[in-house]
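Residue-level structure breakdown
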Protein chains: 2
Amino acid sequence: MIQRRSAFSLLLLLFSTSTITPAMAFDIMQPLPTDPVIPADNPQTPAKVSLGKHLYFDPRLSADKSLSCQSCHNLASGGDDDGALTQANGYNVNRSAPSIYNSANQTVQFWEGRVESLEDAFIDHLLDPNVLNQPSEKALEKRLNAISGYKEMYAKAFGNAEISAENTAKAVSAFVRTLKTPNSRFDHYMRGDKTQLSATEKRGMELFNERGCLACHFGSNFAGPAPGPSFKMGDGFYELFPNLIGSKYDKQYRLIDDVGRAAVTQQRDHVYLWRVPSLRNVALTAPYFHNGKVNDLAEAVRIMGRVQFNIPVSEQDVADIVAFLNSLTGEFPEITLPRLPDTAGRTLSE
Amino acid sequence: MIQRRSAFSLLLLLFSTSTITPAMAFDIMQPLPTDPVIPADNPQTPAKVSLGKHLYFDPRLSADKSLSCQSCHNLASGGDDDGALTQANGYNVNRSAPSIYNSANQTVQFWEGRVESLEDAFIDHLLDPNVLNQPSEKALEKRLNAISGYKEMYAKAFGNAEISAENTAKAVSAFVRTLKTPNSRFDHYMRGDKTQLSATEKRGMELFNERGCLACHFGSNFAGPAPGPSFKMGDGFYELFPNLIGSKYDKQYRLIDDVGRAAVTQQRDHVYLWRVPSLRNVALTAPYFHNGKVNDLAEAVRIMGRVQFNIPVSEQDVADIVAFLNSLTGEFPEITLPRLPDTAGRTLSE
């Protein structure tokens, strides 16, 4: 059994070396903020958010016109793809699509935090051969400039009808910043309505704290420090997963096939480091973990007990923790399908 | 040059052997009816339509959970797929997804009319290895019965929580029957507002009649006889395409690779017979023809002149006819994205 700790895990150590009392837990657990941090160079405007929504649903963003953002980050569901596209033959993503809901509250994006903003995540997806597969930013620009209806929308959003990949990234990101799910039963509970959680769920919340889950999954997004003065957008909060190598789960669910952040930084001590994923709406975002190999939330809890803490979690405790996690399912925004702009009588010919 | 006529083309002959006067054209051209024909064994109810909408957007209907009805019949666009999925590598549909909008007004479904109802079209898609790819109706039933949220919705819609493929087909079809696009400028014009069409569009409408387009593309759906007492659901209106074989277009756009209705009936005189497709919203449904090989509506008009009538159409006439066809774009319904039911904490494991 090998235990690894990296510089990034200091905060984990800080918490896990002393028991967190329920009172502390309530300081650390926070309701979801009303609005995410908006970058100074990409203010929200109705025209930009509307354009971004159209682009989000437009499969013409992908080289073969088959995939839109919505294909993998399904807003009708948990903001993910139920493991379908990211696990399917023909795709080679190897990482389960994380939920896009509340992703604007993350300080870095992707499972291993390889980009610092939603805007950069869009460009990464755009050029990824396994995702939107555009050969270049120019290729997207040429294509979108050929759709007459978009020129007017870009002019409204950016004061410039000439369509750039950069403005496309900004518009999509502005829309994504509206995708939040407030008012979960947990949030109501935290704001003082103690009737919102059942006895089982409260017991689950206490276990979540006592067993150490909260050491990493704290903050309003249950994903570490919330963005603020001391933890800015671009600062990453990473943890080892698995923390303890050698369990049966490594092979069963291929937990150690992907080195995580080290694949980006090439640093040996970043092997198996991952951005701590949010637990908001976790009941709706199966399958679980970076590779989406675990279909069941109860099994995910068992695995976490074993590979993070080396503690067996009783089936009763698993059930209670799962009950608590179900209370993190929020209210989803009502989304009207956009009408995609077209060039009348033509399809894109390339 | 071979000219073919079949028994199905009698109505075409009736029209094309005498000139249609503008007055006749106005009898034959009709505004879109408010409501489609509803089958007696599948009445519309709000619960059923709502369930059908959820199913329409649910990629779990496909074997690998990657495709929903919406993937190929995109309601954010023309109700088709812009040629993307039906032309893509890895798919082998070979027929361009026709628009699903107003498809409830068709008396038969699919390009060659191989099924008589939307319900049967759903089952055909469900089991088609190139579409939803379910191995059996039972496989779908097993899967949907595992999604707890659906059981309640089926109980409301059908008084029976047990989920059957038949009821699934009924619910999806009930939703599809709501997908109509009334109030095009053409419809307003036909109801008496003569300001709705420009001089160019009116000239295009006259050309559409004089040149014989109307001989097949008549009726409220511009697709032949509207369903009614003398032309019932299940009655097909088929025409030869190409009517005249031997033009350069046969090879250029592979017009004669697919034998059309004969592939279903195995009848020699059904070779190249196709259901007359609707021209409603045709400006939004590029690429054109059964194989989606033609990207441009003007080119589609040129091809029709040549392969149906063997008449050269001047570029001015092409432009005018295209202008008229643009007036057939209707008002699309506002569609709110459904929230797909889930089984909390689980994904489908098969």
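Computed from a predicted structure; not experimentally measured.

Some remarks on the overall build of chain A
A count of helices and strands for chain A gives 15 helices and four strands. Counting only residues that meet the buried cut, chain A has 58% of its 350 residues in that class. Put simply, 70% of the contacts in chain A that link residues at least 6 apart link residues at least 24 apart. When the accessible surface of chain A is totalled, it reaches about 14,300 Å², and 53% of it is carbon and sulfur.

So, the interface of chain B and chain A
Across the boundary between the two partners, chain B contributes 40 residues, which contact 40 residues of chain A. At the junction of chain B and chain A, the tally comes to two salt bridges. Residue Arg-346 of chain A pairs with Asp-296 of chain B through a salt bridge whose shortest N-O separation is 2.8 Å. At the boundary of chain B with chain A, the tally comes to 20 residue pairs in polar contact (both at pLDDT 80 or more).

Details of the pattern of salt bridges
Residue and element names in this part refer to chain A. Under the definition given, this model contains 32 salt bridges over all chains. With its nearest N and O atoms 2.9 Å apart, the salt bridge here joins Arg-177 to Glu-119. You can see Arg-177 sitting in the loop between helix 9 (165-176) and helix 10 (185-190) and its partner Glu-119 sitting in helix 6 (residues 118-127), a full 58 residues away along the chain. Judged on exposure class, the residue Arg-177 and its partner Glu-119 are both buried.

Focus: the environment of Leu-144 of chain A
All names here are of chain A. Relative to the elements of secondary structure, Leu-144 occurs in helix 7 (residues 137-145). Taking the C-alpha atoms as reference, Leu-144 lies 13 Å from Ala-169; in sequence the two are 25 residues apart. With residues near it in sequence (within four places) discarded, Leu-144 still touches Leu-55, Leu-61, Tyr-150, Tyr-154, Ile-163 and Thr-168.

Regarding the packing of helix 3 (residues 46-56) of chain B against helix 9 (residues 165-176) of chain B
Residues and elements named next belong to chain B. Packing of helix 3 against helix 9 leaves a shortest axis separation of 7 Å and a crossing angle of 95 degrees. Regarding the angle of helix 3 to helix 9, the classification is roughly perpendicular. Residues Lys-48, Val-49, Leu-51, Gly-52, Lys-53, Leu-55 and Tyr-56 of helix 3 touch helix 9, and the partners they reach there are Thr-168, Lys-170, Ala-171, Val-172, Ala-174, Phe-175 and Val-176. The residue inventory of the contact of helix 3 with helix 9, partitioned by class, reads nine nonpolar, two polar and three charged.

A few points about the state of the cysteines
Residue and element names in this part refer to chain B. Taken as a whole, this structure holds zero disulfides over all chains when the rule is applied. Here Cys-72 is not disulfide-linked; the sulfur of Cys-69 is the nearest cysteine sulfur, at 9.1 Å. A relative accessible area of 14% means that Cys-72 is categorised as buried.

Quick notes on the packing of aromatic side chains
Under the defined criterion, the tally for this structure stands at 26 aromatic pairs over all chains. Between Tyr-249 of chain A and Tyr-253 of chain A, the ring centres sit 6.1 Å apart and the planes meet at 20 degrees, which makes this aromatic pair stacked. A residue is classified by how much of its surface remains accessible, and Tyr-249 of chain A, at 8% relative accessible area, is buried. Residue classification places Tyr-253 of chain A among the buried positions, given a relative accessible area of 13%. Consider the rings of Tyr-56 of chain B and Phe-57 of chain B, whose centres lie 5.7 Å apart with planes at 65 degrees: the pair is edge-to-face. A relative accessible area of 0% places Tyr-56 of chain B in the buried class. Joined through ring pairs, the aromatic side chains of Phe-186, Phe-208, Phe-222 and Phe-324 of chain A make up one cluster.

Things to note about the relation of the copies chain B and chain A
Once chain B has been moved 0.0 Å along the axis and rotated by 180 degrees, it coincides with chain A to within an RMSD of 0.0 Å. Put plainly, the chains are arranged around a two-fold axis. Taking C-alpha positions as reference, the residue of chain B nearest the rotation axis is Thr-336 of chain B, located at 2.1 Å. Take the interface residues of chain B: 100% of them recur as interface residues in chain A, which is what a same-surface contact looks like.

Quick look at helix 9 of chain B
Residues and elements named next belong to chain B. Taking 1.5 Å of rise per residue, 12 residues should cover 16 Å, and helix 9 covers 16 Å from first to last C-alpha, within 8% of that figure. Counting buried residues along helix 9, 11 of its 12 residues qualify, which places the element largely inside the surrounding structure. For helix 9, the complete set of buried residues consists of Ala-165, Asn-167, Thr-168, Ala-169, Lys-170, Ala-171, Val-172, Ser-173, Ala-174, Phe-175 and Val-176.

A closer look at the side chain of Lys-65 of chain B
Structurally, Lys-65 of chain B is set in the loop between helix 3 and helix 4 (69-72). No salt bridge is formed by the buried Lys-65 of chain B; the nearest opposite charge belongs to Asp-82 of chain A, separated by 4.2 Å. A polar atom in the side chain of Lys-65 of chain B sits 3.2 Å from the side chain of Thr-347 of chain B. Setting aside chain neighbours within four positions, we find Lys-65 of chain B in contact with Asp-82 and Ala-84 of chain A together with Pro-59, Arg-60, Arg-143, Thr-347 and Leu-348 of chain B.

Describing the environment of Ala-97 of chain A
All names here are of chain A. Topologically, Ala-97 is positioned in the loop between helix 5 (84-87) and helix 6. On a C-alpha basis, the gap between Ala-97 and Asp-128 in space is 14 Å, while along the polypeptide they are 31 residues apart. For Ala-97, the residues in contact, after removing those within four places along its chain, are Cys-72, His-73, Asp-80, Asp-81 and Thr-86.

Concerning the confidence of the model for chain A
Low-confidence regions, as indicated by low pLDDT, have predicted coordinates that should not be scrutinised in detail. Residues and elements named next belong to chain A. For chain A, per-residue confidence averages 90 on the pLDDT scale, and 90% of positions sit at 70 or higher. Confidence drops under pLDDT 50 across residues 1-20; counting only partners more than four residues distant or on other chains, this segment forms 42 contacts. Reported confidences for the modelled complex are a pTM of 0.91 and an ipTM of 0.90.

Each value, and the rule that gives it
Residues numbered from 1 in each chain as written. Chains lettered and ligands numbered in written order. Predicted model: local features only at pLDDT ≥ 70, side-chain atom pairs only at ≥ 80, totals over all residues. Heavy atoms only, no water. Helix = DSSP H or I, 4+ residues; strand = E, 2+ residues; numbered from the N terminus. Buried < 20%, exposed > 50% of the residue type's maximum accessible area, 1.4 Å probe, protein only. Contact = heavy atoms within 4.5 Å. Areas by Shrake-Rupley, 256 points an atom, 1.4 Å probe, with all protein chains shown as cover. Salt bridge = Lys/Arg side-chain N within 4 Å of Asp/Glu carboxyl O. Polar contact = N/O pair within 3.5 Å; in protein donor to acceptor, adjacent residues only side chain to side chain. Axes fitted to C-alpha atoms, helices over the stretch in contact; angles between N-to-C directions. Parallel < 35°, antiparallel > 145°, perpendicular 65-115°, else oblique. Nonpolar A, V, L, I, M, F, W, Y, C, P; charged D, E, K, R; others polar. Disulfide = S-S within 2.5 Å. Phe/Tyr/Trp six-rings, centres within 6.5 Å; stacked < 30°, edge-to-face > 60°. Least-squares fit on C-alpha atoms with pLDDT ≥ 70 in both. Expected span 1.5 Å × (residues − 1). Lys, Arg positive; Asp, Glu negative; His and termini not counted. pLDDT = per-residue confidence, 0-100.

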